[in-house]
Amino acid sequence: MFKYFPHTQNDIDKMLRQCGLDSLEDLYSDIPEAIRFRKEYQLPEALTELDLREFFGKLDEEQQALISFAGAGCYDHYAPSVVRNLIGRSEFLTSYTPYQAEISQGTLHYIFEYQSMMAELTGLDISNASMYDGATATAEAVMMTFNAAKKAEKVLVSAALDPKVRTVVDTYAHFNGIKIETVPFVDGQTDRQFITDKIAEGGVAGVVMQMPNYYGIVEDLTGLADEIHAAKGLLVINSHAADLALLKTPGEWGADIAVGEAQSLGIPMSFGGPGLGYMCCTEKLVRKLPGRIVGMTRDNRGQRAFVLTLQAREQHIRRQKATSNICSNQSLMALYVTIYMSVMGKEGVKEAAELSYAGAHYLAEKLCETGRCKLTYPEKVFFNEFCVTTVDSVDDIIARAADKGILAGVKIDEHILMVAVTEKRTTKEMEVLIECL
């Protein structure tokens, strides 16, 4: 109920005495005088609660919330209002790091449920506890392929991987001695022949694909896993979690590791974060998986209990030898998507994906009927996101749409606009966007 109590002078004096100090000046005495701020803070006069609410209310009125047709990794999905209420329940807000199982049953329980749901969603055996975002999860997967390989030091990454994710992958690879090679993207498809040729050369630890790819296209990965496995490599598939409710799962494609962003499972866009990285793998890779795994057991009274089943201890005691230093998890977001999937149910999550798919194809057809644009990759299958090549400048289109309260999409090129549709977008909103072209 009370989120903030200011310290009284008596509180401050007690804490200082405990530290063996006489004043706050003594507490900060190690800070050089040259860099200490000695002027008055430029703060306004204190406001009453009523005045403060009015002030921020006016600020809020000045902000224009645009209806989003932008995607590129962050999507405007619906979440039932009950989710926000449930994530604040006290049984889930136990110890942040659940090492002491006896006082962390709420945290351990929902992590167990999260892992179970993500394993089912991806079609793989094991899920870790959660990661910071889809980009770092993908980078960790690249490190897993490298660490699992005996001599290979090269990882092939599709040029159709989200550029934001790619920059994180490149950073991790650079500081871990991993060579990254880009697989060309040709006419809406990752160049499979390039992958075949590189595998034949040898030294490939793994291949990273995105499904659907960054441009929204659903690529056919038939036989790719077999080809990679024959050369002792691993297949990593990056996907937005909500898409897997309808599409073929990474497990069905034969992937060894599934990673990606789970923001699409109802997490608000919130100006770009936070998100939630998920990571699942086959059972044989479980010892290479960063983070922790929660399991269910029975206590000495025969009652169901949850415990930390597996975690890489070297992350804590031998960091220089660790395969990864992911040793915490963004579990509030894991709790969020667990409750979201529980409330929506299998059919609800699937229906949201179907509505997104249907809306995207309806909008693409109507946009092309204007004669002012055409599908950039007309022969390719897309899911809920697609690219159109426009007659007008994309900057002009985005500006015109913004004036009408619409975020038109993401600029790919001077005349290529990428548009995303979720289950929240209505035909009335689509008509406004169509008018802007």
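Now for a quick tour of the structure. Numbering of residues begins from 1 in every chain and follows the order in which that chain's sequence is written. Local features in a predicted model are, by the rule used here, given only for residues with pLDDT of at least 70; side-chain atom pairs are given and counted only at 80 or more, and totals for whole chains, interfaces and linings are based on all residues. As a rule here, side-chain values cover all heavy atoms of the structure and leave hydrogens and water aside.

Looking at the packing of helix H12 (residues 331-369) against helix H14 (residues 427-436)
Thought 1: Contact pair H12 / H14: the axes reach a minimum separation of 10 Å and the direction vectors enclose 30°. It follows from the interaxial angle that H12 and H14 lie roughly parallel. The crossing of H12 and H14 is right-handed. Between H12 and H14, the contacting residues are Gly-359, Tyr-362, Leu-363, Lys-366 and Leu-367 on the first element and Thr-427, Met-430, Leu-433 and Ile-434 on the second.
Thought 2: Only Asp, Glu, Lys and Arg are considered charged in this grouping, and only Ala, Val, Leu, Ile, Met, Phe, Trp, Tyr, Cys and Pro are considered nonpolar; every other residue, Gly among them, is considered polar. In terms of residue class, the contact of H12 with H14 is built from six nonpolar, two polar and one charged. Working convention: axes come from line fits to C-alpha atoms, limited for helices to the stretch in contact. Angles between N-to-C directions cover 0 to 180 degrees. A helix here means a DSSP run of H or I that spans at least four residues, while a strand means a run of E at least two residues long, and both kinds are numbered starting from the N terminus. By definition in this entry, angles of less than 35 degrees are roughly parallel, angles greater than 145 are roughly antiparallel, angles of 65 to 115 are roughly perpendicular, and the rest are oblique. Crossings are sorted by hand: turned counterclockwise from the far helix by less than a right angle, the near helix makes the crossing left-handed, and turned clockwise it makes it right-handed. Note on definitions: a residue-residue contact is assigned when non-hydrogen atoms from the two residues lie within 4.5 Å.

Describing the packing of aromatic side chains
Thought 1: Each aromatic pair joins two rings of Phe, Tyr and Trp (for Trp, the six-membered one) with centres within 6.5 Å, and gets the label stacked for planes under 30 degrees apart, edge-to-face for over 60, and tilted for any other angle. This structure, assessed with the given rule, holds ten aromatic pairs.
Thought 2: Taking the centre distance of 5.3 Å and the plane angle of 50° together, the rings of Phe-112 and Phe-306 count as tilted. With Phe-112 in helix H5 (residues 105-122) and Phe-306 in strand S12 (residues 304-311), this pair connects stretches of sequence that are 194 residues apart.
Thought 3: Exposure categories follow from relative accessible area, calculated using a 1.4 Å probe and restricted to protein chains: below 20% of the type maximum is buried, above 50% is exposed, and the middle band is partly exposed. Overall, Phe-112 belongs to the buried group, its relative accessible area being 18%.
Thought 4: Ring centres of Tyr-357 and Phe-383 lie 6.0 Å apart, and the angle between their planes is 45°; this geometry places the pair in the tilted category. Of this pair, Tyr-357 sits in helix H12 while Phe-383 sits in the loop between strand S13 (373-375) and strand S14 (385-390), and the two are 26 residues apart along the sequence.
Thought 5: For Phe-383, a relative accessible area of 4% corresponds to the buried category.
Thought 6: In textbook terms, an aromatic cluster arises when at least three aromatic residues are bridged by ring pairs, as seen for Phe-185, Tyr-214, Tyr-215 and Tyr-377.
Thought 7: Here the basic side chain of Arg-425 rests over the ring of Phe-69, its NZ or CZ set 5.9 Å away from the ring centre. By definition here, charges over rings are those cases where NZ of Lys or CZ of Arg is within 6 Å of the ring centre and within 35 degrees of the ring normal.

Notes on the sheet that holds strand S16 (residues 410-413)
Thought 1: Should DSSP find at least two bridges between two strands, the strands are taken to pair. An order of S13-S14-S17-S16 is seen for the four strands of this open sheet, with the pairing classed as antiparallel. On the outer flanks of this sheet lie S13 and S16, each paired with one strand and no other. Averaged over all neighbouring strand pairs, the angle between strand axes comes to 35°, with direction disregarded.
Thought 2: Sheet analysis places S16 next to strand S17 (residues 416-420), joined by three bridges and oriented antiparallel. Bridging across to S17, Lys-411 finds its partner in Leu-417.

Section: H12
Thought 1: Helix span, expected: 1.5 Å multiplied by one less than the number of residues in the helix. Between its first and last C-alpha atoms H12 spans 45 Å; for 39 residues at 1.5 Å apiece the expected length is 57 Å, and the helix comes up short by more than 12%.
Thought 2: Note that bend, as reported per residue, equals the angle between axes fitted to the 7 residues terminating at that residue and the 7 residues originating from it. Of all bends in H12, the biggest is about 100°, found at Gly-345.
Thought 3: Directly after H12, the chain includes Gly-371, whose backbone phi takes a positive value near 80°.

Comments concerning the side chain of Thr-422
Thought 1: Following the sequence through the fold, Thr-422 ends up in the loop between S17 and H14.
Thought 2: You can call Thr-422 buried: its relative accessible area is 5%.
Thought 3: Those residues in contact with Thr-422, other than ones at most four positions away along the chain, are Tyr-75, Asp-76, His-77 and Ser-356.

Here's the deal with unusual backbone geometry
Thought 1: Cis geometry marks the peptide bond from Met-211 to Pro-212; its omega dihedral reads -15°.
Thought 2: Locating Pro-212 in the fold gives a position in the loop between strand S7 (204-210) and helix H9 (224-230).
Thought 3: Located in the positive-phi region is Asp-187, a residue other than glycine, with phi close to 50°.
Thought 4: Relative to the helices and strands, Asp-187 is located in the loop between strand S5 (185-186) and strand S6 (189-190).
Thought 5: Its relative accessible area of 62% is what places Asp-187 among the exposed residues.
Thought 6: Of note in the backbone geometry, Phe-271 takes a positive phi value of approximately 60° without being a glycine.
Thought 7: In this fold, Phe-271 is placed in the loop between strand S9 (257-261) and strand S10 (277-281).
Thought 8: Judged by its relative accessible area of 94%, Phe-271 falls in the exposed class.

What to know about the pairing of strand S8 (residues 234-238)
Remember that side chains alternate between the two faces of the sheet whenever the strand is regular.
Thought 1: Of all five residues that make up S8, five are buried, and the element is covered over most of its length.
Thought 2: Direction of pairing for S7 relative to S8: parallel, over a ladder of five bridges. Among the inter-strand pairings, Val-208 is bridged to a residue of S8, identified as Val-236.
Thought 3: At this point the chain moves from S7, through H9, to the parallel S8, and the crossover so formed is right-handed. Handedness of a crossover is defined as follows: orient the strands so they point away from the viewer, and if the path from the first strand over the helix to the second runs clockwise, the crossover is right-handed.

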